[in-house]
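# Fold and geometry: a report
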Amino acid sequence: MGTGRTLHKKPRTRPVKSVGARRRRHLVQKRRLIALGVAEDVVGKLNIKEARDMLKRPALIEKAVATQAVTE
């Protein structure tokens, strides 16, 4: 069994994301949201896509949290 062109193509040689690295990434993202002022129970209920979308615009999150704190 030789090593032909199949194993030298770029998509086949790219590393696979590990489960541990993915979990670590999600945990870091949740910690960032909590640091921005989002309540911990709210962050716990978010799915990963929602959390990632929120982190795309951190200034809006800080502004929303500030206005929410004023109204309460």
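Because the structure is a prediction, the values reported are computed rather than measured.

## What about the packing of helix α2 (residues 19–36) against helix α4 (residues 48–55)?
Where α2 meets α4, the axes come as close as 10 Å, and the angle between the chain directions of the two elements is 50°. On the basis of their axis angle, the class for α2 and α4 is oblique. Taken as a pair, α2 and α4 cross one another with a handedness that is left-handed. Every residue of α4 that contacts α2 at H26, Q29, K30, R32, L33 and L36 is listed here: I48, A51, R52, M54 and L55. Looking at the contact of α2 with α4 residue by residue, the classes come out as six nonpolar, two polar and three charged.

Each value, and the rule that gives it
- Residues numbered from 1 in each chain as written.
- Predicted model: local features only at pLDDT ≥ 70, side-chain atom pairs only at ≥ 80, totals over all residues.
- Heavy atoms only, no water.
- Axes fitted to C-alpha atoms, helices over the stretch in contact; angles between N-to-C directions.
- Helix = DSSP H or I, 4+ residues; strand = E, 2+ residues; numbered from the N terminus.
- Parallel < 35°, antiparallel > 145°, perpendicular 65-115°, else oblique.
- Left-handed = near helix turned anticlockwise from the far one by under 90°.
- Contact = heavy atoms within 4.5 Å.
- Nonpolar A, V, L, I, M, F, W, Y, C, P; charged D, E, K, R; others polar.

Nothing here speaks to function; it is geometry throughout.
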